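Remarks on the overall topology
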Amino acid sequence: ARFAGAGAGAAAAPPSRSVRGEGLVARAGTLKLYGEATRVVLPTTPGKSASVEVTRRIGANTDFKVVATQLPLGLSLTQLVGESEGTFVVEAVMPGGSIALGLADVRVGDIIHAVTTMSGGVKGALDTHMACQDVDDLSEAIMANEDGQISMVVERPPEEGEGAFNWIPDVINKW
């Protein structure tokens, strides 16, 4: 298997993170997706990027966000079962990591669709749902970023009341 969106010269992903056909077939029967796949570009190294196709898993009106930060993240992740089987979700933000320090906007409930990782000294992007069978595989992919930098694609439901006039309460509260 190759990194998602990688060109012909990209290194193959390690066998421990390759797509396992049996698991993919089992998931395909129960997995609920929303809409068409969207191509998202993740920065990998200065001046370079990789792309990955992602499909909404928690609703038709969710947003995809690309976040970049440094390791350690300080995230507790879980993997869902049932209609969302194979979906990796942020369960908690732990103290001391880059997320808790405010270096990136990742929140409890975000879906982790893709992460950058390194294999053979080459940095690329992994579709977490296709390449990782469990949270341990995802953790290995995250920790393989030898340069200490990671980019991720997260899916997040729109915030309550999101719209053109969200700034009004902030202005009123300042008076």
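Residues numbered from 1 in each chain as written. Predicted model: local features only at pLDDT ≥ 70, side-chain atom pairs only at ≥ 80, totals over all residues. Heavy atoms only, no water.

Turning our attention to the nonpolar core. Counting residues in hydrophobic clusters, the biggest one holds 21 residues, and the most contacted among them are L73, I112, V115, I142 and M152. Those elements that place two or more of their residues in this core are β4 (75-79), β5 (88-93), β6 (111-119), α3 (135-143) and β8 (149-156). Leave out the neighbours within four places in its chain, and I112 touches L77, F88, V90, T128, H129, M152, V153 and V154. Core analysis: the second largest hydrophobic core is formed by nine residues, L42, V52, V54 and V153 among them. (Core = buried A, V, L, I, M, F, W, Y, C linked by side-chain atoms within 4.5 Å. Buried < 20%, exposed > 50% of the residue type's maximum accessible area, 1.4 Å probe, protein only. Helix = DSSP H or I, 4+ residues; strand = E, 2+ residues; numbered from the N terminus. Contact = heavy atoms within 4.5 Å.)

Scored by pLDDT, the chain has a mean of 78; 73% of the residues are at 70 or more. Segment residues 1-29: pLDDT under 50, and 53 contacts once partners within four positions in sequence are set aside and those in other chains are kept. (pLDDT = per-residue confidence, 0-100.)

Here we take up the environment of V89. Position of V89 among the secondary structure elements: in strand β5. Other than its neighbours up to four places away in sequence, V89 contacts S76, L77, T78, L80, G109, D110 and I111.

With that settled, the discussion passes to the pairing of β6. Across the nine residues that make up β6, a large majority, nine, are buried. Here β6 pairs with β8 via four bridges, running antiparallel. Bridge assignment links I112 to a residue of β8, and that residue is V154. Relative to strand β7 (residues 122-127), β6 is paired through six bridges, and the arrangement is antiparallel. In the sheet register, V115 faces β7, and the bridge partner there is L126. The antiparallel pairing of β6 with β7 creates a hairpin that spans two residues between the two strands, and G120 there sits at a positive phi of about 60 degrees. (Pairing = 2+ DSSP bridges.)

Next up on the list: α3. For α3, the set of buried residues is D137, L138, A141 and I142. The arc that holds every buried residue of α3, seen down its axis, measures 140 degrees, which confines them to one face. Seen from the buried face of α3, the exposed residues on the opposite side, beyond 90 degrees, are D136 and M143. Buried residues along α3 sit against β4, β5, β6, β7, α2 (128-131) and β8. (Arc of directions from axis to C-beta.)

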